[in-house]
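Tertiary structure, described
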Amino acid sequence: MGGLLSEIGKSLAERWVSLLVLPGALYLAVLAAARVLGHRHALDVARLVRYVDSLAASPRAGSAGSLAVVLIAGLLGAAVVGVFAQALGSGVERVWVAVDCDAWPAPLRGLARRRVAARADRWDELTRRRRAEVELRARQQALEPQAPTASSPTAPTGAPSPTGRQRRIARIALERPICPTWMGDRVAAVAVRLRREYDLDTATVWPHLRLCLPDATRAEFTEARSELGRTTTLTGWGVLYVGVGVLWWPGLVAAAVLVFTGWRRTRAATDHYAQVLEAVTRLYAVELARLHGLVHGEEPQRLDRRIGRDLTFLFQGQGYLIPLTAPRSEAVPGG
């Protein structure tokens, strides 16, 4: 037991140092350099070197007590900055993965709803055009069974193909938008699909489903969720570097790079998280139903509407919410 606790403590210490202390120490160092250089001497490395030399030559610099105080203060300050960056990352996540926009304050809620309406209108228009193009191609192929040639195109000149139109639709949302952002709609699409295909309310069933997952599957899901948190924390660091940019203009460059990188990585992490969430639900919902006596026998059985409805009815009214899943009233129109 002592060895186990030692290993756990060592692992926690390593994560604490890598996730909080090192990025925080770098931020404090850059902030100190920004205060010394300012905008006028932003790239004057010699000025920074002279300032560091003057600190090293100070009589207090050689005191063991002073060094210990500086070291402890630096570690604590770095940790505090790291925690603040994580808090900012959580705020960024709530804005970017905006599945709970109806719970935002009134002014932001109104902006979010207008954004949802604009995205939904654009999605509806592109979907209507794609459906019309597909129908036109089907009619032309019915009239001309032979393979299309360059002299008999199957779509108007200059118009995008149905496949290209589908990619444009997917860049807005995979399902009809119900969130103000692509990331929110990517996660909400999981609930929409499972409700449409299996009458399964993911928000109700998920807390119970997660408990019956095998360890490897639960670890995969946890890692996908943790990666999403890490990417938004990277964006939180970018927001912090805006403060450095107030004193030192290269800080604004660093902030822009961090925010852009965090945004790109968060999109990818959100997509991966949604894929894992949907796959896990489809694979293990039947096992959850079997554990609760809704499926009898040991033979494999696929998820269907009966199982989805039974699971939803079994756990309804318990007030659970899946992390980052759209509210039920939004995920399913009229639900």
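To be clear, the structure that these remarks concern was listed above.
All of the points below concern the structure found in this document. (Residues numbered from 1 in each chain as written. Predicted model: local features only at pLDDT ≥ 70, side-chain atom pairs only at ≥ 80, totals over all residues. Heavy atoms only, no water.)

What follows deals with the layout of surface pockets. As a volume, the largest pocket reaches approximately 370 Å³. Taken together, 16 residues make up the lining of the largest pocket; nearest its centre are Leu 28, Ala 29, Ala 32, Leu 55 and Val 70. At the level of secondary structure, the elements contributing two or more residues to the lining of the largest pocket comprise helix 1 (2-37), helix 2 (45-56) and helix 3 (64-96). A per-element tally of the lining of the largest pocket places helix 1 first, with seven residues. (1 Å grid on protein atoms, 1.4 Å probe; cavity = no way out; pocket = protein on both sides within 12 Å on 5 of 7 lines; lining within 4 Å. Points joined across faces, edges and corners; volume = space filled by probe spheres on them. Helix = DSSP H or I, 4+ residues; strand = E, 2+ residues; numbered from the N terminus.)

Turning to the nonpolar core, a few remarks are in order. Generally speaking, a soluble globular protein has its nonpolar side chains buried in company with each other. Val 205, Trp 206, Leu 288, Ile 307 and Leu 311 are the most contacted members of the largest nonpolar core, which totals 36 residues. Counting residues per element, the ones that place at least two in this core are helix 3, helix 6 (182-198), helix 7 (202-211), helix 8 (215-247), helix 9 (250-291) and helix 10 (305-315). Ranked by residues supplied to this core, first place goes to helix 9 with nine residues. Ignoring anything within four residues of it in the chain, the contact list for Leu 288 reads Val 205, His 208, Leu 209, Cys 212, Leu 311 and Phe 315. Counting residues in hydrophobic clusters, the runner-up holds 13 residues, among them Tyr 27, Ala 85, Tyr 241 and Ala 255. (Core = buried A, V, L, I, M, F, W, Y, C linked by side-chain atoms within 4.5 Å. Buried < 20%, exposed > 50% of the residue type's maximum accessible area, 1.4 Å probe, protein only. Contact = heavy atoms within 4.5 Å.)

Time to look at the environment of Leu 194. Its location among the elements puts Leu 194 in helix 6. On a C-alpha basis, the gap between Leu 194 and Glu 278 in space is 8.1 Å, while along the polypeptide they are 84 residues apart. Aside from chain neighbours lying at most four places away, what touches Leu 194 is Asp 199, Leu 200, Thr 202, Thr 281 and Arg 282.

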